[in-house]
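Structure assessment
Here is what each chain is made of, one letter per residue.
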Amino acid sequence: MAKNTRPSSGKPVTIHDQKLMRGKGGELHQIADGDTDVLTTAQGGPVADDQNTLKIGERGPALIEDFHFREKIFHFDHERIPERVVHARGYGAHGFFETYKSLAAYTRADIFQRAGERTPVFVRFSTVAGSKGSFDLARDVRGFAVKFYTQEGNWDLVGNNIPVFFIQDAIKFPDIIHAVKPEPDRAFPQAQSAHDNFWDFISLTPESMHMIMWVMSDRAIPRSFRFMQGFGVHTFRLVNAKDESTFVKFIWKPKLGMQSVVWNEAVKINGADPDFHRRDLWNAIQAGDFPEWELNLQLFDQEFADSFDFDVLDPTKIIPEEVLPPVPVGRLVLDRMPDNFFAETEQVAFMTQNVPPGIDFSNDPLLQGRNFSYLDTQLKRLGSPNFTHIPINAPKCPFHHFQQDGHMAMRNPVGRVNYQPNSFGEGPRESPERGFRSFADAEEGQKVRLRAESFADHYSQARQFFNSQTAPEQRHIAAALTFELSKVETVAIRERMVAHLLNIDEGLAETVADKLGMKELPRRADAAVPPRDDLEPSPALSIIENGPDSFVGRKMGVLVSPGADAVLLKKLQAAIEKEGAVMEIVAPKVGGVEAADGSWIEAKHMIDGGPSVLFDAVALILSEEGAERLAGEAAARDFVADAFAHCKFIAFTSGSIPLLQKAGVDPEADEGLIELDDPKAVAKFIASCRKLRLWSREMAVKL
Ligand code: HDE
């Protein structure tokens, strides 16, 4: 029956066999048989009408017999799986790991035997506290989980961008996570640690103080995944063919160097582009700028471990790089986005217990607990013990076992024999030579629930971390603590926190107490062992000290107006591209502007949609008339004022001065403002941008 109907957009069309296609303007039009595949049900049956439910008469009730409708809605109703209980918001990419040289002396793991060998990997970055739909720039730890598809099975290095953790024993994990997540009665705040429950727990848990210093530092607001370090956190073991063990800590170092944003910027990015980190990774990989990290190992033996006051099994401690220099052993390159987010990034199942022969666990009580949790959680999320049948989780090496059946079994073993030993000579057999052998460490003792004395020092490394930061970084830590504690309503919690800070740095404690408006300092918290004040600062812990001195991989936002200087713009663009950076144009209208020479400048953003927080540096290429007009727009004034307040480098044409002035920025305020008045100025500007931020401005803007 032919019928007149009105699709959601476009003109009414007459639909016969429902072969419709959306045109460029969004309109639906009929297409001939053979142009595309025929739509089918999941059972493969061709579908004749996907627009109308089966009814009795045009205006009548729907029929339960409509199997296509029922299948479609049934499937839709079941599209969601439980989000991860932690690290729910994440973003993944494919790539490879390339081994630099054989590590056979330390490990028999196949992945580390041959120089130049490439192993496929899947990496998922994440935040911890927020739900799946939360924003990217939360102040939070970032997950850095790597699945290596090795020739001896999957190895999952499930790490974070911070090398220590809040707690020393896995039994406290539900508590810390309950405390940081939205409070259970009111269901807020989302993706924030700035609330009473979190700080209540922390203030009662001195072992978290080292981690707190990291989480309050700029590490917790990274510029993007591409500019973060990653850490395995725990001490692991490498075991060689002679069954000799070496302790190891894993560190990922980004080739582009580290970079973070400032808090005021993070808050604004979350509004302007909640997917800022996702988009950054997507854009970089799609543009062929493949992000890269080097895997570094800190290798040590028992004697070296015994030389410290702290325990290398304690995940709240680091071994400073200056004490034990990390050795680069390979590189990780991410070069392909998943074809489908759900199938790959959402369904990927990382598990700390996935280790190949030659890599083994230590007794770190957090790691031991994780080895239970990760398998358990996959069953809840993916709903079947056959989650390894999902392609993203399946090994890429040959595998043979007798596991069978269960929900969604797709790879049941074939043949008669599904057990061993068997006398039919069929099926796989264990291999004492090739198989995983646990390192035969000698263990004995009483069954106890005790925390070792060697885990008792909670403050010394927190102090060392703080002392290793540059002045701006220390200011950021103080500001973050003040902000977070200002959101805590219970005064006693604020005081307990300041009491802990007194054991870390008195100046820090005093600043925070003062900014919180405390009338007097609380009594210093009791420490289980006296904090040490003789630990050497570790410059490797500072982001700023280890700046890249390069603008490679960064993004420049250029604000243009009608009458802009197109020649200058081209010169700037060439210099940015030569530097290996990206330029995006912001204009009053997204359609672009006409330049002074009559050429057309295409824009990527309109000014309201392209605030300067999305860029690492900005340039204003405005005609005087254009600048005067933009000076009347709040979004344009914010563009300039924010770039200045966030200590970014700003280049400008003389015509742009009216906008600078209206935004409250003196064009001669400091060396971070560079007038593009002569041909050499472009090169000078790019050279300045390599410093990324002009931190000396920060005190003047009092952000
Ligand atoms: Fe996790 N963690 N975790 N964690 N973790 C999970 O596993 C857990 C810890 C980390 O992108 C869960 O598949 C316990 C430290 C990352 O899919 C769960 C303890 C470190 C990811 C789990 C910890 C991590 C997770 C939730 C305390 C850094 C995301 C979903 C002993 C070294 C992986 C899932 C991805 C995810 C348990 C502590 C890193 C519930 C019990 C320390 C990067 O199994």
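In this convention, every chain numbers its residues from 1, walking through the sequence in written order. The model is predicted, so local features are restricted to residues of pLDDT at least 70 and side-chain atom pairs to those at 80 or more, both for listing and for counting; the totals for chains, interfaces and linings are taken over all residues. Side-chain numbers here rest on the full set of heavy atoms in the structure, without hydrogens or water.

1. Comments concerning the overall build of the protein chain
Rules: Per the convention used, a helix needs a DSSP run of H or I reaching at least four residues, while a strand needs a run of E reaching at least two, with both numbered from the N terminus. Taken over C-alpha atoms, the radius of gyration is set against a globule rule of 2.2 Å times the number of residues to the power 0.38. Each residue's exposure class comes from its accessible area (1.4 Å probe, protein chains only) as a fraction of the maximum for that residue type: buried when under 20%, exposed when over 50%, partly exposed otherwise. We call two residues contacting when some pair of their heavy atoms lies within 4.5 Å.
The number of helices and strands found in the protein chain is 19 helices and 22 strands. The C-alpha radius of gyration of the protein chain comes to 29 Å, within 12% of the 27 Å expected for a compact globule of 703 residues. With 703 residues in all, the protein chain has 52% of them scored as buried. Sequence separation of at least 24 residues holds for 71% of the intrachain contacts in the protein chain that already meet a minimum separation of 6.

2. With respect to the pairing of strand E15 (residues 555-560)
Cut-off, in case you're wondering: We treat two strands as partners when DSSP finds at least two bridges between them.
With six of six residues buried, E15 lies mostly within the body of the structure. Side chains Lys555, Gly557 and Leu559 project from E15 onto one buried face, and the interleaved Met556, Val558 and Val560 project onto a second face that is buried too. Pairing of E15 with strand E16 (residues 582-587), which is carried by five bridges, proceeds in the parallel orientation. By the bridge assignment, Val558 is partnered in E16 with Ile585. Sheet topology places E15 next to strand E20 (residues 617-621); five bridges connect them, and they run parallel. Bridge pairing links Val560 to Ile621 in E20.

3. Focus on the domain arrangement of the protein chain
Operational definition: Boundaries between domains were set according to an automatic or database domain assignment. Accessible surface is computed with a 1.4 Å probe, and the buried area is the amount of it that two parts give up when combined, taken over both parts together. Only one rule defines a salt bridge in this text: a Lys or Arg side-chain nitrogen within 4 Å of an Asp or Glu carboxyl oxygen. In protein, a polar contact means a hydrogen-donor-capable atom and an acceptor-capable atom, both N or O and within 3.5 Å, with residues adjacent in sequence counting only if both atoms are side-chain atoms; elsewhere, any N or O pair within 3.5 Å suffices. Each residue is assigned to one class: nonpolar for Ala, Val, Leu, Ile, Met, Phe, Trp, Tyr, Cys and Pro, charged for Asp, Glu, Lys and Arg, and polar for all the others, Gly among them.
Here the protein chain is described as being made up of domain 1 (1-47), domain 2 (90-393), domain 3 (466-544) and domain 4 (549-701). With 29 residues of domain 2 at the contact, the number on the domain 3 side is 27 residues. Counting the surface lost from both domain 2 and domain 3, the interface buries some 2,400 Å², and carbon and sulfur atoms represent 65% of this. Broken down residue by residue, the surface that domain 2 buries against domain 3 is led by Asp196, Trp199 and Met213, which jointly contribute 25%. Seen at the junction of domain 2 and domain 3, the total is two salt bridges. One salt bridge in this structure joins Arg532 and Asp309, with 2.6 Å as the shortest N-O distance. Across the contact surface, domain 2 and domain 3 share 13 residue pairs in polar contact (both at pLDDT 80 or more). Those elements giving two or more residues to the side of domain 2 that touches domain 3 turn out to be helix H3 (196-203) and helix H4 (209-215). It is H3 that contributes the most residues to the side of domain 2 that touches domain 3, five residues altogether. When grouped by side-chain class, the residues that make up the side of domain 2 that touches domain 3 number 15 nonpolar, six polar and eight charged.

4. Let's talk about the packing of aromatic side chains
Aromatic ring pairs are reported here in terms of the distance separating the ring centres and the angle at which the planes meet. Just so we agree on the cut-off: Only Phe, Tyr and Trp rings take part, Trp by its six-membered ring, and two of them pair if their centres are within 6.5 Å. Stacked means planes under 30 degrees apart, edge-to-face means over 60, and tilted covers everything else.
Taken as a whole and judged by the stated rule, the model has 26 aromatic pairs. Aromatic side chains Phe144 and Trp293 sit 5.5 Å apart centroid to centroid with 85° between the ring planes, which places their arrangement in the edge-to-face category. Of this pair, Phe144 sits in strand E7 (residues 142-150) while Trp293 sits in strand E12 (residues 292-300), and the two are 149 residues apart along the sequence. Per residue, the accessibility class of Phe144 equals that of Trp293, and both read buried. Centroid distance Phe165 to Phe173: 6.0 Å. Interplanar angle 35°. Geometry classified as tilted. Owing to a relative accessible area of 13%, Phe165 belongs among the buried residues under this scheme.

5. Things to note about the sheet that holds E20
The six strands are arranged E19-E16-E15-E20-E21-E22 in an open sheet whose pairing can be described as parallel. Whereas interior strands pair on both sides, the edge strands pair on one side only; in this sheet they are strand E19 (605-606) and strand E22 (673-675). Sheet topology places E20 next to strand E21 (residues 650-652); three bridges connect them, and they run parallel. Across the sheet, the residue bridging to Leu620 is Phe652, located in E21.

6. Concerning the site of the ligand
Just so we agree on the cut-off: The criterion for a residue being near a molecule or strand is simple. One of its heavy atoms has to lie within 4 Å of it.
Around the ligand lies a shell of 22 residues, among which Arg84, Arg124, Arg370, Ser373 and Tyr374 are the nearest. Arg84 is positioned such that a nitrogen or oxygen atom in its side chain is 2.7 Å from an oxygen atom of the ligand. Within the side chain of Arg124, a nitrogen or oxygen atom sits 2.6 Å from an oxygen atom of the ligand. Of all the secondary-structure elements, those providing two or more residues to the shell around the ligand are E7, strand E8 (153-160) and helix H9 (365-382). No other element matches the six residues that H9 contributes to the shell around the ligand. Partitioned by chemical class, the residues of the shell around the ligand number eleven nonpolar, eight polar and three charged.

7. Section: the nonpolar core
As a reminder, the rule being used: Remark: nonpolar core denotes a set of buried residues (Ala, Val, Leu, Ile, Met, Phe, Trp, Tyr, Cys) joined through side-chain atoms within 4.5 Å.
Ranked by size, the top nonpolar core spans 53 residues in total, and within it Phe166, Trp199, Ile202, Ile212, Met213, Leu481 and Leu508 carry the most contacts. When contributions to this core are tallied by element, the ones reaching two or more residues are helix H2 (173-180), H3, H4, helix H10 (460-467), helix H11 (471-486), helix H12 (491-501) and helix H13 (506-515). A domain-level breakdown of this core finds at least three residues from each of domain 2 (90-393) and domain 3 (466-544). Dropping the residues within four chain positions of it, Leu508 is found in contact with Met213, Phe466, Ile477, Ala478, Leu481 and Leu501. Core analysis: the next-biggest nonpolar cluster, separate from the first, contains 35 residues, Phe125, Leu157, Leu281 and Leu367 among them.

8. Remarks on the coordination of the iron atom of the ligand
Applicable threshold: Keep in mind that water is not among the atoms, so a site may look incomplete; donors are the N, O and S atoms within 2.8 Å of the metal, or 3.2 Å for Na, K and Ca.
If you check the protein contacts of the iron atom of the ligand, you find one donor only, Tyr374 (OH), at 1.8 Å. Topologically, Tyr374 is positioned in helix H9.

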